[in-house]
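Letter by letter, the chains look like this.
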Amino acid sequence: MSHLPYEYAESLRIGTVEFVSPDEIKVSLDIEAPESMALNVGVPRPFPRVNSYVLIPVDDAYLVGQIEWITVERSAFPKRQGMQDFGLIDLPFPLRKMSLNPLGTLRNTSSKPIENSTFSFRRGADALPSIGNAVLLPTEDQLRSIVESGARRRVKIGTSPLASNAEVCIDPDRLFGRHLAILGNTGSGKSCSVAGLIRWSIEQAHTEGGTVPNARFVVLDPNGEYSRAFEDAKPPLKAKLFQVDPAAGTASKALHIPLWFWNSSEWSSFTQASSRTQRPVLIHALRSVRDGHVETATDPSHERRRFLRTIVTTLTLEKNAGVPWGTYPKPKTFLEKLRKWRGTLHEDLNGCVGAQQTALAALVDQMDELSNARSAQYAHLDFTREEVEQLIALASTAHSAFGGSATDSEPFDVDAPLPFLGDSFLRSVEASAEMLNVAEHAETLLIRIRSLLNSTVIRSIMSDAPGVTLQEWLEEYVGSENLEAGCVSVLDLSLVPTEVIHVITAVVARMIFESLQRYRRIKGSVLPTVLVMEEAHTFIKRYKTDGESYDAASVCCQVFERIAREGRKFGLGLVLSSQRPSELSPTVLSQCNSFLLHRISNDQDQKLVHSLVPDNLKGLLRELPSLPSQHAILLGWASELPLLVRMNDLPREQQPKSEDPDFWNVWTGKDETGAKVVRPAKWGDVCSQWQHATEELIASEDDQDIPF
Ligand SMILES: Nc1ncnc2c1ncn2[C@@H]1O[C@H](COP(=O)(O)OP(=O)(O)OP(=O)(O)O)[C@@H](O)[C@H]1O
Ligand SMILES: [Mg+2]
């Protein structure tokens, strides 16, 4: 075609602007405008089509509009050209109208004739058209320039069916850097998109870098789907797979999250510890067990030093909280605690000599004095600040006499991941409850911890059997210096018992986050890592914000909320995939800057998704209920403009394992090709695996006498 620019524009003209507002432009289509297929743009293209693009020349550029709706209006008169026949009665005539969303500006960047020129697209409209402006169909090149706009298009993820299958590429810095939410109904293709995004990004980085990329993807996989998706023969896409009770002969390793990774709020949520009495016991127990004191408790002077240190810490904490002069019964429990300590210390007196005995005796005497003053029948139990301070001073002196230093008694970070064994922890909880004088309230706590330690499956996940260090764990699960080990870790959580699954997920997510946080503090730069959470609605579920929430699900959600809020600064990107967006935590969703939206038909979920995008982009979202699988709308920070994408094809063997059950083929005993389908309901193997897996675990523990 060789046209003058004006003639060329005329051949693509489809209508006229007849209403302009900053967020909507209405166009009346010419009678000659194509009815279903435009043939004048080089290749046949469906037109008019909702959500496709049209151009309006304004000044020296084009305003790009996205079609929001198309309608027919009965007009009294056809829009006739030329002379009017005044003698004739006009019949109502259908006139097509459409409404456009102004999206951005397309500029001609070369001075060549229009059919050979190049274009650049930018979001935002510089100037709005006026009534009477022509509306044009974009050429192939123009369409491509719209969709393929934006710098640093690094990884191709699919094509855009609304724009002549132009390539849709993303910049991983943008897509993963500010969290991505992949939302859609079941079977709409979320898991395939997750697997694809990881795969295509790594493959592209491999091609460009020439070596195995220094990338880290940790996939938390509650359904056990992803084992198959990254089963390539060699790096970079050979994933490290971790499973509960992995079958013999497979490449997967046993999932192992040591119990000493858990912090105090994770322990509290698991044990449902009451905040008044049981939480202080737990915290105290964790502090001592992490400090290693329970192990060395055989040395009596060491034991005394620890006891005195606890007295100093507890007294200081209670003084700061105002307990000794608080409202009744606070001073009473304080007094009871003093009496109990006094009993223990008095017994210790016999075994000591010299300065140690003197210091201890002074403390015991002071305790006696305080308690005797309050033993009359209706005595006032309140303590004065001076009395408590004096007691602290005496306890500190005794503590130093036994070799303790002042810094010793400073609160120690209870949540530092220092190794300990489950049995020591149990002993420590018992001792702490005794010491804090709440033994009778700690019974349920102990029952919960014992039941945890006694469950065989949980033991296999949490025991300290392999004796891994923190460094080894991070190298295994997050990624090591040796890039050949692979870029993807898949943690199959499908067989993790339900009572611990939330805590385990929270622990893994928090460990990854905190390790990256420390990495940046020490090294000064971030280690980019992506954490993928499948079935996010179970783990990042919105919870009631009234009061303190210590149940496991909210503790888990809070970890992800923290990652969503702060992860970006430490190079941790979150990818979450969910079929129930309306159940997700609003904090996490509002921190996601990119969205890949698959088919969503549920009303509530649609409303939620609508609330996430600005008003003028809502048009595209109306297509959500009717999207075929593998199609999705990409919007947000990762994409210059909201785009309908047909994701790249993922070959069957690279798809996550989540096919629909094949009822018909099993019923009829053959598949589409006529091949036989044999699937007898034989339970023998299942039962023996089910029952013996547990027995095997017990047997292997007996053999090796696993420390736990
Ligand atoms: N990119 C793709 N390439 C090839 N097939 C795809 C692609 N995306 C989706 N599919 C097809 O759609 C089916 C369902 O996809 P997928 O398992 O990813 O859905 P889902 O949204 O994760 O579902 P659920 O919520 O139940 O986990 C797949 O089995 C596959 O056949
Ligand atoms: Mg899925």
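Residue numbering note: each chain is counted from 1, following its sequence as written. As they are written, the chains are lettered A onward and the ligands numbered 1 onward, keeping that order. The predicted nature of this model means local features are confined to residues of pLDDT at least 70 and side-chain atom pairs, given and counted, to a pLDDT of 80 or more, with totals for whole chains, interfaces and linings taken over all residues. Working from all heavy atoms in the structure, the side-chain values ignore hydrogens and water.

*Asks:* Tell me about the pairing of strand β18 (residues 572-578), and please be specific about residues and values.
*Replies:* Taking burial as the measure, the seven residues of β18 include seven buried ones, the bulk of the element. Residues of β18 alternate between two faces, with L572, L574, L576 and S578 on one and G573, V575 and S577 on the opposite face, all of them buried. Only strands joined by at least two bridges in the DSSP assignment are considered to pair. Working definition: helices are DSSP H or I runs of at least four residues, strands are E runs of at least two. Numbering for both runs from the N terminus. Bridge analysis of strand β12 (residues 180-183) against β18 gives four bridges, and the strand direction is parallel. Bridged to I182 within β18 is S577. Relative to β18, strand β17 (residues 529-533) runs parallel, the two sharing five bridges. Classification of residues uses two cut-offs on accessible area relative to the type maximum, computed with a 1.4 Å probe and protein chains only: under 20% is buried, over 50% is exposed, and between them is partly exposed.

*Asks:* Help me get a handle on the packing of helix α5 (residues 264-271) against helix α6 (residues 278-290), residues and values and all.
*Replies:* The geometry of a pair of packed helices is captured by two quantities: the angle between their axes and the separation between those axes. Here an axis means a line fitted to C-alpha atoms, over the contact stretch when the element is a helix, while the angle between two N-to-C directions is reported on a 0 to 180 degree scale. Where α5 contacts α6, the axes come no closer than 10 Å and their chain directions differ by 135°. With respect to α6, the element α5 is oriented oblique. Considering how the two elements wind past one another, α5 and α6 form a crossing that is right-handed. Seen from α5, the contacting residues are S264, S265, W267, S268 and T271; seen from α6, they are R279, L282, I283 and L286. When residue character is reported, Ala, Val, Leu, Ile, Met, Phe, Trp, Tyr, Cys and Pro are called nonpolar, Asp, Glu, Lys and Arg charged, and the others, Gly included, polar. When the residues that make up the contact of α5 with α6 are grouped by side-chain class, the tally is four nonpolar, four polar and one charged. Reported orientations rely on four angle classes, namely roughly parallel under 35 degrees, roughly antiparallel over 145, roughly perpendicular from 65 to 115, and oblique for the rest. Handedness of a crossing is defined here by the sense of rotation of the near helix relative to the far one, left-handed for an anticlockwise turn of less than a right angle and right-handed for a clockwise turn. Whether two residues are in contact is decided by their heavy atoms, any of which lying within 4.5 Å being enough.

*Asks:* Go over the packing of α6 against helix α12 (residues 443-454) with me, naming the residues and quoting the values.
*Replies:* Here α6 crosses α12 at 50°, and the two axes come no closer than 10 Å. By the criterion of interaxial angle, the relationship of α6 to α12 is oblique. Judged by the sense of rotation from one axis to the other, the crossing of α6 with α12 is right-handed. On the side of α6, the interface is formed by Q278, V281 and L282, while α12 contributes T444, L445 and I449. A class-by-class count of the residues in the contact of α6 with α12 yields four nonpolar, two polar and no charged.

*Asks:* Let's hear about the site of ligand 1: which residues, and what values?
*Replies:* Around ligand 1 sit 16 residues, and of these T186, G187, K190, S191 and S658 come closest. Taking Q630, its side chain carries an N or O atom lying 3.4 Å from a nitrogen atom of ligand 1. What sets the accessible areas is the Shrake-Rupley method with a 1.4 Å probe; for residues, cover comes only from the shown protein chains. Here ligand 1 loses 85% of its free accessible area of 630 Å² to cover by the protein chains. Residue composition of the shell around ligand 1, grouped by class: two nonpolar, twelve polar and two charged. One heavy atom suffices: a residue is near a molecule or strand as soon as one of its heavy atoms comes within 4 Å of it. Any pair of nitrogen or oxygen atoms within 3.5 Å is treated as a polar contact; in protein, a donor-acceptor pairing is required on top of that, and neighbouring residues in sequence qualify only through side-chain atoms on both sides.

*Asks:* Tell me about helix α2 (residues 140-147), and please be specific about residues and values.
*Replies:* Where burial is concerned, most of α2 is hidden: six out of the eight residues are buried. Within α2, the full set of buried residues consists of E140, Q142, L143, S145, I146 and V147.

*Asks:* Describe the confidence of the model for the protein chain, listing the residues and the values that go with them.
*Replies:* pLDDT is defined as a per-residue confidence score from the predictor, taking values between 0 and 100. Confidence in the prediction for the protein chain averages 84 pLDDT; 89% of positions are at 70 or higher. Here residues 1-5 is modelled with pLDDT under 50, and outside its nearest four sequence neighbours on either side it reaches six contacts, counting other chains as well. Across residues 701-707, where pLDDT falls below 50, the model places ten contacts with residues more than four positions away in sequence or in other chains.

*Asks:* Break down the pattern of salt bridges for me, citing the residues and quoting the values.
*Replies:* Criterion for a salt bridge: a side-chain nitrogen of Lys or Arg within 4 Å of a carboxyl oxygen of Asp or Glu. Under the definition given, this model contains 31 salt bridges. E623 is the salt-bridge partner of R49, the closest N and O atoms lying 3.9 Å from each other. On the criterion of sequence distance, the pair formed by R49 in the loop between β4 (45-46) and β5 (53-58) and E623 in the loop between α20 (618-621) and β20 (631-636) is long-range, its members being 574 residues apart. Note on R49: relative accessible area 32%, which makes it partly exposed. Classification of E623 as buried rests on a relative accessible area of 15%. If you follow the salt bridges from partner to partner, you end up with E266, R510, E514, R518 and R562 in one network.

*Asks:* Summarise the packing of aromatic side chains; cite the residues concerned and give the values.
*Replies:* Ring pairs shown here join Phe, Tyr and Trp side chains whose ring centres sit within 6.5 Å, with only the six-membered ring taken for Trp; geometry is labelled stacked below 30 degrees between planes, edge-to-face above 60, and tilted in between. For the structure shown, the criterion picks out 13 aromatic pairs. For the ring pair F420 and F425, a centre distance of 5.5 Å and an interplane angle of 40° mean the geometry is tilted. There is no split in this pair, since F420 and F425 are both buried. Two limits define a charge over a ring: the Lys NZ or Arg CZ must be within 6 Å of the ring centre, and within 35 degrees of the ring normal. When the ring centre of W637 is taken as reference, the NZ or CZ atom of R174 above it lies at 4.1 Å. Geometry around F383 places R374 over its ring, the cationic atom sitting 3.9 Å from the centre.

*Asks:* Pulling in residues and values, what's your account of the environment of E561?
*Replies:* Along the polypeptide, E561 turns up in helix α17 (residues 552-566). Separated by 21 residues in sequence, E561 and I540 have C-alpha atoms that sit 8.0 Å apart. Beyond its immediate sequence surroundings of up to four residues, E561 is in contact with Y543, S585, T587 and V588.

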